[in-house]
Amino acid sequence: MNATAPAPVRRLTVLYDTECSLCAFLRDWLLRQPQLVPLEPVPAGSAEARRRFPGLDHGATLDEITVVGDAGQVYRGPAAWVVTLWALREYRRLAHRLSTPAGARLAKGAVLAAAKWRGAQWHRGGGGTGPWGGRVYRRADGWAYDPGTGWTYDAPSCADGSCAPR
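Note that this is a predicted model, so its numbers are computed, not measured.

J.: Talk me through the overall build of the chain; I want residue IDs and the actual numbers.
T.: Looking only at helices and strands, one finds 6 helices and 7 strands in the chain. Each helix and strand of the chain, ordered N terminal to C terminal, gives the series β-α-β-α-α-β-β-α-α-α-β-β-β. Evaluated residue by residue, the chain yields a buried proportion of 36% over its 166 residues. When the accessible surface of the chain is summed, it comes to about 9900 Å², and 58% of that surface belongs to carbon and sulfur atoms.

Right, dumping it as C-alpha cells:
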C-alpha cells in the first residue's frame with residue numbers, strides 16, 4: 001500500500017451542539033438515514049468528546065460543525081456537511097456534487113444559512129428572548145452571549161474538581 005494514500009473513512013463522529021435545536025434535529029435526522037459509513041453523534045465540548053479527541057479545539061467545535069473520521073481526519077464547516085452527506089446512502093451523489101468548486105459555494109451558503117437561522121433562534125421572541133426562556137446564551141466553559149452586549153467570559157470555578165481540562 002502506498003504510504004501517501006489517504007486513509008479510508010470507515011466511521012465518522014459528528015460533534016453537535018446539544019443546546020441548539022437545529023443541531024439536535026439534524027442529529028436525529030442523520031440517525032434515521034440509511035448509512036453507508038456509520039455516523040456517531042457526540043455532544044461537542046462534552047467530556048466524551050474531550051476524551052476521544054484531546055487535540056481538538058473543543059471551543060471551536062461548539063461554534064462550527066466538526067466531524068472526525070476514524071483515522072483522525074477532521075472536517076469543519078462546509079466540508080463537515082459534505083462528508084456527513086457522503087456517509088448517507090441517499091445523499092452520496094449530492095455530496096459528490098457539493099465537493100466540486102461550484103458545489104462548495106452552495107455548501108458554504110447552506111452552512112451560513114443554518115448559522116443565521118441558529119442565531120435567529122437565540123433572538124426569537126420579545127426582547128431578544130431565546131427558545132430556552134432567557135436572554136443570555138451560556139456555555140459550561142464560561143462563555144456567554146447576550147444580544148445586547150455580545151460575548152463575555154467568566155471562568156468557571158474548578159474548586160469542586162468538576163472542570164474538564166481544555
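J.: Go over the pairing of strand β2 (residues 39-43) with me, naming the residues and quoting the values.
T.: Two faces belong to every sheet, and in a regular strand the side chains alternate between them. Looking at chain direction, strand β1 (residues 12-16) and β2 are connected through 5 bridges and run parallel. Residue Tyr16 lies in a different strand from β2, and its bridge partner there is Pro43. Regarding topology, helix α1 (residues 21-32) serves as the crossover connection from β1 to the parallel β2, and that connection is right-handed.

J.: Run through the nonpolar core, naming residues and quoting values.
T.: Grouped together as the largest cluster of nonpolar side chains are 15 residues, with contacts concentrated most on Leu12, Val37, Leu39, Val67, Leu85, Ala87 and Leu88. Breaking this core down by element, the ones donating at least two residues are β1, α4 (78-86) and α5 (92-98). The biggest single contributor to this core is α4, with 4 residues. Excluding residues within four positions of it along the chain, Leu39 makes contact with Leu12, Val14, Leu30, Leu31, Thr84, Ala87 and Leu88.

J.: Can you break down the pairing of β1 residue by residue, with the values?
T.: Among the 5 residues in β1, 5 count as buried, and that is most of the element. The alternating pattern of β1 places Leu12, Val14 and Tyr16 and Thr13 and Leu15 on opposite faces, both of which are buried. Of the pairings in the sheet, the one linking β1 to strand β3 (residues 66-69) comprises 4 bridges and is antiparallel in character. Considered in β3, the bridge of Leu12 is made with Gly69.

J.: Please set out the environment of Gly45 residue by residue, giving values where relevant.
T.: Along the chain, Gly45 turns up in the loop between β2 and α2 (47-52). In this structure, the C-alpha to C-alpha distance between Gly45 and Tyr16, residues 29 residues apart in sequence, is 8.8 Å. When neighbours within four sequence positions are excluded, Gly45 is seen to be in contact with Arg50, His58, Thr61 and Leu62.

J.: Please provide a residue-by-residue account of the packing of aromatic side chains, values included.
T.: Ring pairs (aromatic) are described by centroid distance and by the angle formed between their planes. Taken as a whole and judged by the stated rule, the model has 1 aromatic pair. Geometrically, the ring pair formed by Trp29 and Tyr91 is edge-to-face, given 5.3 Å between the ring centres and 65° between the ring planes. Residue Trp29 is found in helix α1, and its partner Tyr91 is found in the loop between α4 and α5; the two are separated by 62 residues along the sequence. You can call Trp29 partly exposed: its relative accessible area is 21%. Judged by its relative accessible area of 26%, Tyr91 falls in the partly exposed class. It is Arg92 that lies over the ring of Trp86; its NZ or CZ is 4.0 Å from the centre.

The rules behind these values
- Residues numbered from 1 in each chain as written.
- Predicted model: local features only at pLDDT ≥ 70, side-chain atom pairs only at ≥ 80, totals over all residues.
- Heavy atoms only, no water.
- Helix = DSSP H or I, 4+ residues; strand = E, 2+ residues; numbered from the N terminus.
- Buried < 20%, exposed > 50% of the residue type's maximum accessible area, 1.4 Å probe, protein only.
- Areas by Shrake-Rupley, 256 points an atom, 1.4 Å probe, with all protein chains shown as cover.
- Pairing = 2+ DSSP bridges.
- Right-handed = clockwise from strand over helix to strand, strands pointing away.
- Core = buried A, V, L, I, M, F, W, Y, C linked by side-chain atoms within 4.5 Å.
- Contact = heavy atoms within 4.5 Å.
- Phe/Tyr/Trp six-rings, centres within 6.5 Å; stacked < 30°, edge-to-face > 60°.
- Lys NZ or Arg CZ within 6 Å of the ring centre and 35° of its normal.

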